[in-house]
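A look at the structure
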Amino acid sequence: MSHSKSTVTIVFCEGCKWSLRSGWYAQELFSTFKGQLAGVHLKPGEQGEFQVWVDDRRIWCRREDGGFPDAADLKRRLRDAAQFEQSLGHCELPGKD
C-alpha cells in the first residue's frame, strides 16, 4: 500500500536543553524510516514542553505520557500513526511494550 510521506515535528523546551535529545530522536527516526518521511522538524516550544507530532496527530506528550519515550516506543507510535507497513525488528519482540 502506498502512503504519502509524513512529517514529524518534535516540539521541545530550549531552556531545558532538550535540543540534543530532540536531534537524537530525529536521527533515530530517519535511520529507521528511510525514504518514508517528508521531514523531521525541531521546533522550540514552551517551558517544560516536549511533544512529538506526526502530521496533525500528537503521538507523545511528556506531561501526559510521563517523561520521554524510549526510541522503540516512539518508532512504534510513529509507524502506527503514519500507517507504515513495516516491521521494526527487535522493537517488536514480546515484552517490548
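Above: the structure in question.
Bear in mind the structure is a predicted one, so any value in this text is a computation, not a measurement.

Definitions and limits used
- Here, residues in each chain are numbered from 1, in the same order as that chain's written sequence.
- Local features are withheld for residues below a pLDDT of 70 in this predicted model, meaning they are given only at 70 or higher, and side-chain atom pairs are given and counted only at 80 or more; totals for whole chains, interfaces and linings count all residues.
- Heavy atoms from the whole structure form the basis of all side-chain values; hydrogens and water molecules are not counted.
- For salt bridges, the criterion is a side-chain nitrogen of Lys or Arg within 4 Å of an Asp or Glu carboxyl oxygen.
- Secondary structure follows DSSP: runs of H or I at least 4 residues long count as helices, runs of E at least 2 residues long count as strands, and numbering of each begins at the N terminus.
- At least two DSSP bridges between two strands are required for those strands to pair.
- Crossover handedness is defined by viewing with both strands directed away from the observer: a clockwise path from the first strand over the helix to the second marks the crossover as right-handed.

**Considering the pattern of salt bridges**
Following the criterion strictly, the structure yields six salt bridges and no others. Asp 65 is the partner of Arg 77 in a salt bridge, and the nearest nitrogen-oxygen pair spans 3.7 Å. One end of the pair, Arg 77, is in helix α3 (residues 71–82); the other, Asp 65, is in helix α2 (residues 62–65), with 12 residues separating them in the sequence. Its salt-bridge partner being Asp 80, residue Arg 79 comes within 2.9 Å of it at the nearest N-O pair. Put simply, Asp 65, Asp 73, Arg 76 and Arg 77 are held in one network by salt bridges that share partners.

**A closer look at the pairing of strand β2 (residues 37–44)**
Pairing of strand β1 (residues 6–12) with β2, which is carried by seven bridges, proceeds in the parallel orientation. Residue pairing in the sheet places Thr 9 in a bridge with His 41 of β2. Handedness of the crossover is the feature at issue here: the chain leaves β1, passes through helix α1 (residues 19–32), returns alongside β2, and the resulting connection is right-handed.

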